[in-house]
Every structure is written in structure tokens, then in C-alpha cells.
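Summary of structural features
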Amino acid sequence: MKNSNIPVRAIRIVRKDNNTFRVSPVFILPEHQGKGFAQKVFSMIEDIYNDAVIWELDTILQEQGNCYLYEKLGYQKTGEIKEINEKMTIVYYEKRLISFLS
């Protein structure tokens, strides 16, 4: 039986200042990954927080699917990385939106 009321994703948004927002973390249940949920959620948060000029996030470099997704969504690597150990490196991303207010 299919229940459409079961949550399959979660996202946390933190306002860092007036126009900078941070995404952390993002969760999509494994059985629902690859179905466009993440793209939809990111589109929704950009609509909801339409005063955002800068979006920030980070992910594990070795999780290439995440890196691909964020780059597909317009995020660019900042150049900042943090090596946790030989198997895990955190890579930082940023997406700058054009502000028509300035």
C-alpha cells in the first residue's frame, strides 16, 4: 500500500545574514533518490527565500553524486576544502543569485 504522507526528504536552511543562506543538511531517503526530489526542494527554497543573494553548502567530495547535483543546480566550488581523513574531504560550494535590487 502506498502512503503519500510519509516524509521522504528534509532540509535545513540557516540565514547567516540579510542575504546569505546556508543549506545544511539535506536528506533524501535512499529509495527516493534520483527521482528529482532534491531539485524540486532546491527550487522551492529559492522561491520561499527569494531575498537570498548567496546560498552556501558543503558536502563530502568523495560522494560524487552530491557534487554533480549541486553543480547541476548552479553551485560552484569556493576552493575551500577540509580534509577530515584520507577517505573524507569536505568541499564547500556557493551559489550567487543576481540581485535586481542593487
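Rules used in this analysis
- Residues numbered from 1 in each chain as written.
- Predicted model: local features only at pLDDT ≥ 70, side-chain atom pairs only at ≥ 80, totals over all residues.
- Heavy atoms only, no water.
- Helix = DSSP H or I, 4+ residues; strand = E, 2+ residues; numbered from the N terminus.
- Core = buried A, V, L, I, M, F, W, Y, C linked by side-chain atoms within 4.5 Å.
- Buried < 20%, exposed > 50% of the residue type's maximum accessible area, 1.4 Å probe, protein only.
- Contact = heavy atoms within 4.5 Å.

What follows concerns unusual backbone geometry. The step from Ser-24 to Pro-25 runs through a cis peptide bond, and the omega angle for that step is -5°. Within the fold, Pro-25 resides in strand 2 (residues 20–28).

Grouped together as the largest cluster of nonpolar side chains are 17 residues, with contacts concentrated most on Val-23, Phe-42, Trp-55, Leu-57 and Tyr-75. Secondary structure elements with two or more residues in this core: strand 2, helix 1 (37–48), strand 3 (54–60), helix 2 (64–72) and strand 5 (88–96). For this core, the element with the most residues is helix 1, which contributes 4 residues. Sequence-distant contacts of Leu-57, defined by excluding residues within four places in its chain, comprise Arg-22, Val-23, Phe-42, Tyr-70, Tyr-75, Val-91, Tyr-92 and Tyr-93.

For the rest of this paragraph, the subject is the environment of Ile-45. Among the structural elements, Ile-45 can be located in helix 1. Accessibility expressed as a relative area gives 6% for Ile-45, which makes it buried. When the C-alpha atoms of Ile-45 and Arg-12 are compared, they prove to be 9.9 Å apart, with 33 residues separating the residues in sequence. Beyond its immediate chain neighbours, meaning those up to four positions away, Ile-45 contacts Ile-11, Ile-13, Val-23 and Trp-55.

These figures come from the coordinates and say nothing about function on their own.
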